[in-house]
Each structure stands twice: as structure tokens, then as C-alpha cells.
Amino acid sequence: MVSVINTVDTSHEDMIHDAQMDYYGTRLATCSSDRTVKIFDVRNGGQILVADLRGHEGPVWQVAWAHPMFGNILASCSYDRKVIIWKEENGSWDKMYEYTGHESSVNSVCWGPYEFGLILACGSSDGAISLLTFTGDQQWDVKKISNAHTIGCNAVSWAPAIVPGSLIDQPSGQKPNYVKRFVSGGCDNLVKLWKEEDGQWKEDQKLEAHSDWVRDVGWAPSIGLPTSTIASCSQDGRVFIWTCDDPAGNTWTAKLLHKFNDVVWHVSWSITGNILAVSGGDNKVTLWKESMDGQWACISDVRDERINMLDIWTENKTPTMMKPGL
Amino acid sequence: MAARWSSENVVVEFRDAQATAMSVDCLGSHAVLSGRRFLYLVNLESPSEPSRKIGRQSKWDVGTVQWNPHRSEAHVFAASSNQRVDLYSWRDGCGEAHTSLQGHTRVISDLDWSWFEPEFLVTSSVDTYIYIWDTRDTRKPTLALSAVAGASQVKWNKKNQNLLASSHDGDVRIWDKRKPNTAAEYVAAHLSKIHGLDWHPDSEFIFATSSQDNSVRFWDYRQPRKYLNILSCQVPVWKARYTPFSNGLVTVMVPQLRRENSLLLWSTLDLNSPVHAFVGHDDVVLEFQWRPQKEGSKDYQLVTWSRDQTLRIWRVDPQLQKLCVSDVQEDLMDGMSLTTESEKPLSSQESEGQQSGGPASESLQDQDSSLSAGGLQDSAAGSGLAQTLQQEFSLVNLQIRNVNVEMDALNHSCVVSAHFGSHQVHLVVKFPAQYPNNAAPTFQFVSPTTIPSAMKTKIQKILRDTSLQKVKRNQNCLEPCVRQLVSCLESDMTQEDSPASGPFVLSNPVTPSLQAFPRVTNTYGSYQDANIPFPRTSGARFCGTGCLVYFTRPTTMHRSVPPTEPTPRSLSALSAYHSGVLTPMKMRSESQSTLRLYSGSPTRSDKDTVSISSFYYKERLPISASRRWSVQTLHDWPKSRRFKTKREGTDYGNRPIKLAGKVIIQEISCLLPVHKTLGENYILNMNDIQETCQKNAAAALAVGRRDVAKVWALASAATNQDLSPDSDPDMETPWARHPFGRHLLETLLDHYSQISDVQTLAMLCSVFKAQAPPPDSYTLFGHHTSRSSVFPPHHARYPSYTSSSVTSGSCSSTSDSITTTTWNSGRDSEHANPWGESSPDDYRYVNQGYTDPREREREQHEMNKRLLDPANTLQFDDFKKCYGEILYRWGLRDKRAEVLKFASCPPEPHKGIEFGVYCCHCRSQARGTQCAVCKRLTFQCAICHVAVRGSSNFCLSCGHGGHTSHMMDWFRRQDECPAGCGCHCLLQSTF
């Protein structure tokens, strides 16, 4: 049963730009134009403000929880060109690290898979992508990909550490050698894949399909199947699903999920990678699922009353969700 | 400044149109876009639906296109193409060219339908003739006016059916068609070419001309020597047209310039500054036309076509219209509710419309205009600078707390005074003549400045740097400098006042928004900042395992979006601050009125410089301010919004405006293929696979997964004892080879892969792994049945081979049936012994060396017996790991451990092991059997005391050892080290 289990009144003084729950789904972090990041304990339907993190000097665009094996760590990025990594120690939240290496607004932060340690990718409007790696003792190693996207980088998303295609062909008996990879999207209308080789980040692939700024990219979680999947969305209203069956990761094919009427801001994969949540300027969320024959269909459709719950917060009382297969 | 939102209602892109001209029909239902290959007819009611096309075959672009303005002939439009005018008719979704008017001998520059006679069309051409056509007789023009000079524009008078005006270079001629021989009046309007000509909608005598000489002039042709008024701009003006409502004028710049893409709306009563800018087009505007007002609507709509290949429709609501009518001052002062407001403009419009016969003359501003007209071309000259400064002053947004800026454009200076705490700062800024073209202003502190001199120096340096940075790009620097100054002062004062406050504590927690922003804004203008994407104001994210978290705009801010209305892509669309959208235009206003105009209520102004929420909520500001805001923003809102505004309008003042919506967490696990209940109830009892399958089937049935329940039933059948494979490869084909064996399982796994049911995948893999513990090297220690008897001691044939207990521990070698702890009992003690091997080159996997076909067959049989294809072991492991991760998130750690027990754990990749020894002669470290220093053999056998050259074994604990054969013999009988050190080598070396 799809049901609202909690409605959190954040008391932010200005618009919210991101909300994300931690690994276990017990805490919620939100960030806003009021320059704060707030953390709520949302267990059992409650909403207790745990922390009100102030430190950014501009609207905070995005937050990201690190894997709990590193402790309670949250990264936030802002218009003020800073990335702040917050850590909870003994119940109080403090700045763990502040990164000021970007020359324009930092639009996206994303933690890498825990297998790689504590590593954060940051995409900025100055066109660069930074990779911050925790090396212990409060030390962070910074690698910067300059001019990753001309004009600006809008989103970053890591590939799962299990990169299936590459595993199967490996000689058995050897531990797979995980390659760090991530995907980024930018104002050059491109989706780019990056790969670390010998400690250096290299552009691996360049995916072209969008006709306007790419606003978000999402690398689907892997359940061990030999297909990599990426979703990308853009100002042009289009959402593309990119898939790659090739173990070398060189041939990506694009499939248009849907063309929306307004900008699409965000794509998010469910944990099993089979449902995609799409949200954008029209203040609506649609859920999409791939059918057995490979077609993407909108499943948050009016006909299913249970899922209709998704619509309750849109103001118009008559839900106008996308019909599947459009 | 944030008020200068793009306010278009509709944006439609016609990528391939390449249209050069556009026209809106008199019903307001269609617009025609004329490209070279097609004419596109756009339904303005639903502009996004595919437009219909009329093909045309011409190598010439369409010069002008115009619909017939009479309702009876509303389906007709004329398009000029080189020397010809084609008349098209458009009915019921189909259109065709039905007539051509041919007469001109050079390219046609303009055409215009008569406002009074539906059949009459006038055309002008560079061939110096102006023809009036009766479209009922298309063979030749009914009237020809000879002008001697080529004409650029021709327009019928809107009030007098006999009058028309044409422009020829800088002159305008007024014609009476009853006296075609000569022009009725000459007006030497401009010194440069006139691009645009427009008759006043309500006056027979007044018209406006726009020209290359950077001005728009207003004329009464009865006084041809003196213009009524002038609007001076800094760039050539392409078109200036009166608005259908009173006293408005819209201008666009010359397309060739490509500098200024916005349309400006002016009030003809006050030409000091535009009342609104229609910002949105990415390229120059080629054509703009008013869509006839719909019945009952108070709004006007402006339809624009730009070289960026988009058609935009902008709504001009009564409040914006009113700006052109009434005085700005009065507008700000009164605090009437919106209800009365919305009705007021109409009446005032009508009344003013009556007298608008010559109202413009009253607002003639001789001094101003002569001043600006004089210095137009030379911006470096004194008056030019004054204009630049005035323009900058009028645009800056300096409503910063505690700061006052007195601007004096004539003396090229301004005084910034600020007080922070006990300190006062007075700073004189002087602008050089070339400013801002790479000439920075100077900054000087004057009394009564109270800050220490060290700080003065510091601030001066910062200001110099900031200003240089800006003027290098020919950008204005006043506002960045002032903001820089403020942030410097603030940070310093904050440090003084509260040294204890940490970096996270804002200096003033009560009004944090006012404090922190200037520091950001001072850099808000770098070229990179133009491309910061417009922030998300709603979004959804899958979190945890079964939650969807979403945040939205508050319902009060929600937009019921017309389908074509876009959200701006960049944050910079919020504010024209950085890009200088207005800079090409000269604005001669006093700064005061402009500031008020753009900054809304003073309390919000600071934040408004980049607040995103202003895009959504402006109508919810307190009324007095909201009216000004609403000018730019209300256009988008559908009518329901108005209702809300009215209803809630009364208690604005005391109600906080809520900007943040709620964050909603929704349980969506029913949409996922994995179930937490199943995670809890599934069991993995490797001792009783049958029971496991049956219980799991029941669990699956309980959560409604009937398909999975059936799969468990199948699994139960497939793991039945009766089907367990024989160990002898010759006995029978294992069940796995049967179609219902491995093939069936593979099909099942494929199916569940497709629906991403990692739970079922992982459980099936675990169960079938438990059912047939594979003999491969990765199986967990302890699952081995004693198969030593099955395996012949094949290592005996490789005497140099020693399985290294160091490398891979007790569960190491592939076919090593017995563990090293029991090596004594093994028949082949050699390969199981704990002694290291001195020639590591020999280390290799055993199975690489099979030579006996029987072994290969046996191995093959081992593989064949298994229902899970061993080739995909790693993939199966991934299923389990993924499922393990999900179980971990569910907090089911024991279940996770149970599943992960069945994951094979591949050993660390073997990097090779080499033992180093100290040379028994020279004590230097050596590798291999020969010492690199003394060139003698390094290692002596503990038994025969002869140097060991070949295969050797030694104890890892005490380091003694010797010839392999000697050691074998010794340890068959003894436990202790042959060297007599007392080491129990066999026990010690076992890890």
C-alpha cells in the first residue's frame, strides 16, 4: 500500500531545494534557500529537529548522506561556492571539512560507493568536478577535473561499485578490481562518464541526446545484472534512459522515457533500480517502471487508486498524471 | 531587480522555421510565421500544438507579412517577397496563395492594410513608389505615389482613412490619397535612417519614429519642425510602437546589433525609464505584435518572434497597463486592496484614453532631451559619461542596511556613507571620463570616517581590485564595490563585536538573510555565474529501501501550469543584475524612482537580489508592494490565483509568508519487488533444504507473492534427494543437465532479473548453492565432505609443488581435499605440508596442470552436477551482496549474515610470495638459493648440513629446514625441529 508515512514541516524560511533520508531511513536532511541544512529524526512518524546546520552563505542546493560505516556524515553544497561536510560526533553536528575550491555555485554532491572509502564528487557551475577523498586524520585529498562541462556542471552520480559487465569476464579466483566511475551532466547538454585510471580521472564516454542543459543524472543501482543503466533529465523536458550491455562499457544506447512539458529537475532510482522517480518544474512526481518487454511506463497513474496518493499534494484536485506510453 | 522576471505566458519554439516576419490576425486566433520555405500558421490558443504549414516557392525571404485587420477579411494575409506581394487566404486549417500583386520594380520594404477599407493595401518599395492596391483588381495599383526617394516604411493613419505616412531615410512624408501628386507634409524627423513608423492609435496627427540615430521621436505632423518628445537610447531603435492601451510604447533594438534581446515597455508620459522589460528571448526580437484583446479580459497580450526561433506570448495585465498611465509615485503610496485595484485601471484608462489626443505634448522634456541628444554618439564625452553613470545609478540596487549612497552623475561622483556599530564610513567614489571602459573609479575616505587606517588601506585595496576586475570587462562596478565594502565592514565588525562567535554562528541571528548575502552578491556577476541552473523547488528521491521523499512548493505557491509555460533554466533569469540586460538602453531617470520600481518593499529588497522564491510567491507580499511586483509576475497566474489573492488579501500584514513546503515521506515498498516481511520470514537452513523451501513458499504466499511461492515449490522439487547427483560421472546424466534442471533455474533467474527481484534471486542462489556445495575453491571452509578418497593424490606427480599455507590459508588449494591441520593423516603428505617453498615460481593452480582425462572428466562432472551454472558464480554473489545490503538497511543483520554465508569469498589476488633468507655464510639477505654477496649457496639442510640447491622446506616459525626429502623423512617420525631448537614445527607452522 502506498501511503504517506510522514509529513515533515521543516520550518525553513525559504524554499527547499533538496530532501534526503539517510541509509536506514531514520533521519531526514533538508536544505533551503535560507542557507541552512536541517536534520530531522523521522523514526516512527515523528519529526524531531536534530540539527540546524548553519555555515553556508547562500542557498543550499543539495545534500548527500555518506554510508553509515563512516559515521553520520552529510555533505552539502551551495550557491556560495562551498561544499561543507558535516559530521555528527557525540550527538552534535559540526563541520568536518569545508571545501572552497570552486569558482562558482556548487550544484551537486554525491558520495561514492562505500567500497571506495569516503569519496565525494562535486559538480559546479564553474564547469569543474571535484573529487574529495578522505585520507584520514582530517585530511582530504582533492582531485579536480577542470572544464568537465563547459559553462557548468549540474549533476554528478556514482556508478555502483559492482560494475556487472566487467565482472563476469574476469578470471575466476580473482577479486574483481573495481573501477571508480561516475556520470555527470552539464550545461553543454552532454552526459559524460568518467573513469579513474591510474589515479587519474579520464573522460570515458560522452553521451549526446539532450537539446538543452542536462539537469540531473542518476546511475541506477546494480543488483548484479550485466547491464549498466543511467537516467538523465534536462531543461528540454526529456528524460533518457541509457543502457550499456557491453562489458567494456563503450556502447551506450539511449531510450527516451518521456518528454515532459516543463523542465525535469531530478531523477531518482529505487533501490532495486527498477523504478525511476521523475520530478520537475511542474511540481509533480511521476514514477516509471520498465515492463518485461523493455518499455517504460508511468505507473503513478490515476487508475491505480493506491498510487494516487502521490497526487494529493498537487493542488489541482483532478490528477493529471502522465498516461503511460506517451 | 528580481522583479524583472521574464513574464511570458507562453514560449513555443519553431526550430526549423527560420522565419523573418510574423503577424497576428485581427481575431487573435492565429499568427503567421513566414520562413523561406514555409509559412507556419500558429494557433495562438494552443501554440504548442503542431503548426500548419503553407509551402512557398521563392528564393527570397518574406519581407513583411500582415493579416487583414478587418473581421470580414480576417482570413486574408499579405506577404511581400522581393518585388511581389502574395495574398493568401486561410480557411479551415488550409491556406493557399490566391493572388499576387506585381508592380514594383525593386524590393518591397513594407506593406500595410487600410484600417478603413478592407480591400485596400499600401506597399512601399525602394523603387521610390508607393502603391495603393485594391485587392479586387490586382492587375495594377489603383494609386501610385511618387516619392523620389526609396521608402522604408509605409503606414495608414488609424483615424483618417485618407492619410498615410511613409519614411524615406531620415524623413517622413504624410500623404493624402486624395491628392496623390505630392506629399501633404514633410517632416525632417531624424538625421539617420528611420526604421520604424507608427501612428498613434487614438490621434490623427501624432506618430512615433524610431531611428538609427538611437532615438525615438514623437511628432505631430502639424508641427513638423519640432518633435513633441524624444526617447533617447544608446543603440539604434528598430521599432517603436504604441500599445493598444493608453500611453504605452514598446521598443526593440536593431536586430543586426544583437546586443539587446528584450523588449522595453515605456510610458509616453514619462520617458525617463522603461516601466517594464520583457526579458526572455535569447536573440534579437524580429517582430512583435499585439494580440487583440479577448472579450471580457482586461489583459493584453504581446506576441513576439525572435531570431532565437521562439514565439513568445507575454501577458500585460491591467496593473502593468496602468503603469503607463498613472504616476509612479502615487502608485506606491496608496495602499488599496487589490479588489478595487483591478477595476481602477479600466476607468482611468478610458478617461485618459479620451484625452490622449495630445497628452504627450504636456510631458515634453526639452532640457533633458536636448542634453542627451547632444551627447549621443560620443559616450566618452562629459554628457556621455553622465548618461552612463545615470544609467548605472538608476540600475544599482543598493538598499543595503546601514548604507546610504548619494549619487551625483553630473559631477561623476558619489558618496557612500555607512555606519556599522560605532564606526562610520564615508567614501567618495570618483568616476573617470572613460568609465567604465577599462577605467576604474577612485575611492577616497573622507571624514567623519572612524575606522582605523590599516583597515582603510585594506578596504581601499579590495575596492580597487573589485573595480578593476569589473571595468576590465567594461562592466559597471559601483554596486559590487559597495557590497564588497559592506561585507568587509561587516566581517570586521563582527569579529570585533563577538570574537567568541564561531564560524557557523551568524553575526546577527535575527536577520541572517540581510547579513550574509552581500558577500555572495559581490561576486555574483562573474561570467560563470550566468549559468547557475535554476534551483529545484520540488523533487522526489528514493531513500532507504522503501521510501520516497519528496518536497514541493507550498500549495500557496503552486502553479497550475499552462502546459507550455517553462521554468527558466538559469538562476540568472531571476535577476537582470549581472547580465546588464538594460545596459544598452540609456535611462535618464532619477535613481529613486527606479529603485522603487525594481526593488519592491524595502524590507525584502536585499534578499530579493537572488531569492528563488520570488519567482513563485510575489503576489503574496503585502499589498502596497505586491502591486509593483505583480506587474512583472502576475501574468503567469491563472484566474484562480486572483481569487485567492483577494480572499487572503486582508491579513497579509500579520501573516508570515510561508516559503517552504512540507517534506513528505511516502511508503512505496509495495511498488518494489522486495518485501521486508519476506526478508524477516525467509529461512536458510542448509541442513534441511526441503523444509527451507516449503517454509519459504508459505512465507511468499503470506505476502501475496504467489509466483514466488510456486518457485519455492519448484525449488523444493529440484532439491529433492532423489535427484541428487551421483558422484560417479559414468553412472547417469546429472539432473542439472535435464531441461528442468539448470535450464529451468536459469530461466527463473532470468525472469526475476528482469523484474529486479533481487530477493528471490539471492534466495534461490543461496538455496541451490546449499543444496550442492560446489567443490570449488571459494566455498566456505567446513562444507567439505571428506572427498580425499575420491581424489587421487595427483600432486605426487609434481614434486616441486607445495601448497603454500602462507598464501591462502587453510581453505586454499582447489583440490586439496583435506585441510592442513590434518596433514598427517593425508596419504599425500607432501603437498599438504606446512613448509614453505623456496622456489615460488612453481606456485600455480593445480587445475592448470591436469593431464589425465579422467580428472578432467571428473571435474567436468563436478560442474555438471550443479544446478547453478558455475560460470556465473560471481553474478550470483552479487545478487547475494545486493540483497545483503538491503537486509542491512532493514536492520535484519542476522538474515544478512545467513545469506552472505553462501557468497563465495574470492581470495585476494595472488601477488606471489617469495621467501628471503639470510645467507648462512655472510649473513646478508639473499633471495633464492645463491647469495648475491658471497656467491655461495645460502641455505644449509638441518639434517645433512649440505647446502640446499633444489627443493627445500623450512619451518616458518624457527626458520630451520632443509632438503625436502630429508624433512619428509624426519617429520614422519618426529614432531620437533631437527635442528634441536625445540620448536614444534608441525604445530607452530599451522596457522
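Residues numbered from 1 in each chain as written. Chains lettered and ligands numbered in written order. Predicted model: local features only at pLDDT ≥ 70, side-chain atom pairs only at ≥ 80, totals over all residues. Heavy atoms only, no water.

## Observations regarding the overall build of chain A
1) Next: Looking only at helices and strands, chain A features 1 helix and 25 strands.
2) Next: A total of 326 residues make up chain A; the buried ones form 64% of that total.
3) Next: In chain A, the share of contacts with a sequence separation of at least 24, taken over all contacts with a separation of at least 6, comes to 45%. (Helix = DSSP H or I, 4+ residues; strand = E, 2+ residues; numbered from the N terminus. Buried < 20%, exposed > 50% of the residue type's maximum accessible area, 1.4 Å probe, protein only. Contact = heavy atoms within 4.5 Å.)

## A word on the overall build of chain B
1) Next: Along the backbone of chain B there are 25 helices and 39 strands.
2) Next: For chain B, the residues scored as buried account for 57% of the 991 residues in total.

## Some points on the sheet that holds strand E25 (residues 296-298) of chain A
Residues and elements named next belong to chain A.
1) Next: Spatially, E22-E23-E24-E25 is the arrangement adopted by the 4 strands of the open sheet, whose pairing is antiparallel. One side of each edge strand has no neighbouring strand; the edge strands of this open sheet are strand E22 (264-269) and E25. Across the sheet, the mean angle from the axis of one strand to that of its neighbour is 25 degrees, orientation sign disregarded.
2) Next: Note: strand E24 (residues 285-290) against E25, 3 bridges, orientation antiparallel. Directly across from Glu290, in E25, lies its bridge partner Trp296. (Pairing = 2+ DSSP bridges. Axes fitted to C-alpha atoms, helices over the stretch in contact; angles between N-to-C directions.)

## So, the pattern of salt bridges
1) Next: Inspection of the entire model under this criterion finds 36 salt bridges over all chains.
2) Next: Two residues, A:Glu196 and A:Lys143, come together in a salt bridge whose shortest N-O distance is 3.7 Å. Here A:Lys143 lies in strand E13 (residues 139-145) and A:Glu196 lies in strand E16 (residues 190-197), a separation of 53 residues in the sequence.
3) Next: According to the relative accessible area criterion, A:Glu196 is buried, its value standing at 18%.
4) Next: Among the salt bridges present, the one from B:Arg178 reaches B:Asp176, with a minimum N-O distance of 2.7 Å. (Salt bridge = Lys/Arg side-chain N within 4 Å of Asp/Glu carboxyl O.)

## Regarding the packing of helix H16 (residues 706-718) of chain B against helix H17 (residues 739-754) of chain B
Residue and element names in this part refer to chain B.
1) Next: Here H16 crosses H17 at 160 degrees, and the two axes come no closer than 12 Å. Relative to H17, the element H16 is oriented roughly antiparallel. Between H16 and H17 the crossing geometry is left-handed. Contacts from Asp707, Val708, Val711 and Leu714 in H16 reach Leu744, Leu748 and Tyr752 in H17.
2) Next: Partitioned by chemical class, the residues of the contact of H16 with H17 number 6 nonpolar, no polar and 1 charged. (Parallel < 35°, antiparallel > 145°, perpendicular 65-115°, else oblique. Left-handed = near helix turned anticlockwise from the far one by under 90°. Nonpolar A, V, L, I, M, F, W, Y, C, P; charged D, E, K, R; others polar.)

## Some remarks on the packing of helix H22 (residues 873-889) of chain B against helix H23 (residues 893-900) of chain B
The angle between the axes and the distance between the axes are what describe a pair of packed helices.
Residue and element names in this part refer to chain B.
1) Next: It is the contact of H22 with H23, at a shortest axis distance of 8 Å, that shows an interaxial angle of 170 degrees. When the interaxial angle is binned, H22 and H23 end up roughly antiparallel. Within the contact between the two elements, H22 uses Lys880, Lys881, Tyr883, Gly884, Leu887 and Tyr888 and H23 uses Arg893, Lys895, Arg896, Val899 and Leu900.
2) Next: Of the residues belonging to the contact of H22 with H23, the class tally is 5 nonpolar, 1 polar and 5 charged.

## A look at the UniProt feature "repeat: WD" (unreviewed entry) in chain B
1) Next: Per the UniProt record, the feature "repeat: WD" (unreviewed entry) sits at residues 101-143, 154-185, 187-229 and 278-317 of chain B.
2) Next: In residues 154-185 of chain B, helix accounts for 0% and strand for 50%; the two terminal C-alpha atoms are 14 Å from one another. (UniProt positions renumbered as here; feature names shortened; annotations may be inferred.)

## A word on the packing of aromatic side chains
How two aromatic rings sit relative to each other is set out by the distance from centre to centre and by the angle between their planes.
1) Next: Throughout the structure, instances matching the rule amount to 34 aromatic pairs over all chains.
2) Next: Taken together, a centroid distance of 6.2 Å and an interplanar angle of 45 degrees make the contact between A:Tyr24 and B:Tyr888 tilted. You can see A:Tyr24 sitting in the loop between strand E2 (16-21) and strand E3 (27-32) and its partner B:Tyr888 sitting in helix H22, one on each of two chains.
3) Next: A ring pair is formed by B:Phe278 and B:Trp314, whose centres lie 5.3 Å apart and whose planes are at 70 degrees; its orientation type is edge-to-face. (Phe/Tyr/Trp six-rings, centres within 6.5 Å; stacked < 30°, edge-to-face > 60°.)

## Concerning the UniProt feature "repeat: WD" (unreviewed entry) in chain A
Residues and elements named next belong to chain A.
1) Next: Sequence positions flagged by UniProt for "repeat: WD" (unreviewed entry) are, in local numbering, residues 9-50, 53-87 and 207-242.
2) Next: Within residues 53-87, the helical portion is 0% and the strand portion 54%, while the C-alpha atoms at the span's ends are 11 Å from each other.
3) Next: Across residues 207-242 one finds 0% helix and 56% strand; the C-alpha atoms that close the span lie 9 Å apart.

## Regarding the nonpolar core
Residue and element names in this part refer to chain B.
1) Next: Residues Leu548, Tyr682 and Trp712 are the most contacted members of the largest nonpolar core, which totals 57 residues.
2) Next: A total of 9 residues in this core trace back to one element, the largest contributor, which is helix H18 (residues 758-771).
3) Next: Within the second largest apolar cluster, 29 residues are counted, among which are Val405, Phe443, Phe445 and Cys481. (Core = buried A, V, L, I, M, F, W, Y, C linked by side-chain atoms within 4.5 Å.)

## Structural notes on the pairing of strand E9 (residues 92-99) of chain A
Residue and element names in this part refer to chain A.
1) Next: Of the strand pairs in this sheet, strand E8 (residues 83-89) and E9 are connected by 7 bridges, and their pairing is antiparallel. Counterpart to Trp86 in the pairing with E9 is Lys95.
2) Next: Counting the residues between successive antiparallel strands, the hairpin from E8 to E9 contains 2 residues, one of them, Asn90, with a positive phi of roughly 55 degrees.

## Quick word on the pairing of strand E16 (residues 171-176) of chain B
All names here are of chain B.
1) Next: E16 sits mainly inside the fold: 5 of its 6 residues count as buried.
2) Next: The pairing of strand E15 (residues 163-168) with E16 spans 6 bridges and is classified as antiparallel. Bridge pairing in E16 places Ser167 opposite Val172.
3) Next: Connecting E15 to the next strand, E16, in antiparallel fashion are 2 residues, including Asp169 with a positive phi near 50 degrees.
4) Next: Bridge count between E16 and strand E17 (residues 185-188): 4 bridges; the pairing is antiparallel. Its bridge partner lying in E17, Arg173 is registered against Tyr186.

## Some points on the environment of B:His412
1) Next: Residue placement: B:His412 occurs in the loop between strand E29 (403-408) and strand E30 (413-420).
2) Next: Counting along the chain gives 21 residues from B:His412 to B:Ala433, while the straight-line C-alpha distance between them is 8.2 Å.

## Remarks on the environment of B:Pro69
1) Next: Residue placement: B:Pro69 occurs in the loop between strand E6 (62-67) and strand E7 (76-81).
2) Next: Measuring from C-alpha to C-alpha, the distance between B:Pro69 and B:Trp113 comes to 6.9 Å, with 44 residues separating the pair along the chain.

## Examining the sheet that holds E3(A)
All names here are of chain A.
1) Next: Strand order across the open sheet formed by 4 strands is E2-E3-E4-E5, with antiparallel pairing between neighbours. Each having just a single partner strand, E2 and strand E5 (48-54) make up the two edges of the open sheet. Direction aside, the axes of adjacent strands within the sheet are offset by 20 degrees on average.
2) Next: Bridging between E3 and strand E4 (residues 36-41) involves 5 bridges; their strand directions are antiparallel. Its bridge partner being in E4, Leu28 is matched across the sheet by Phe40.

## Things to note about the confidence of the model for chain B
Residue and element names in this part refer to chain B.
1) Next: Looking at chain B, pLDDT values average 69 and 66% of them are 70 or higher.
2) Next: pLDDT under 50 marks residues 496-527. Its contacts with residues more than four places away, or in other chains, come to 58 contacts.
3) Next: A low-confidence stretch, residues 575-610 stays under pLDDT 50, and its non-local contacts, those more than four residues away or across chains, total 123 contacts.
4) Next: The ipTM assigned to the predicted complex is 0.88, against a pTM of 0.51. (pLDDT = per-residue confidence, 0-100.)

## Here's the deal with the side chain of A:Ser157
Residues and elements named next belong to chain A.
1) Next: The topology assignment puts Ser157 in strand E14 (residues 153-158).
2) Next: By relative accessible area, Ser157 is classed as buried at 8%.
3) Next: At a separation of 3.0 Å, a polar atom in the side chain of Ser157 contacts the main-chain amide nitrogen of Trp219.
4) Next: Once residues within four sequence positions are removed from consideration, Ser157 is found in contact with Cys110, Phe182, Val183, Val217, Gly218 and Trp219. (Polar contact = N/O pair within 3.5 Å; in protein donor to acceptor, adjacent residues only side chain to side chain.)

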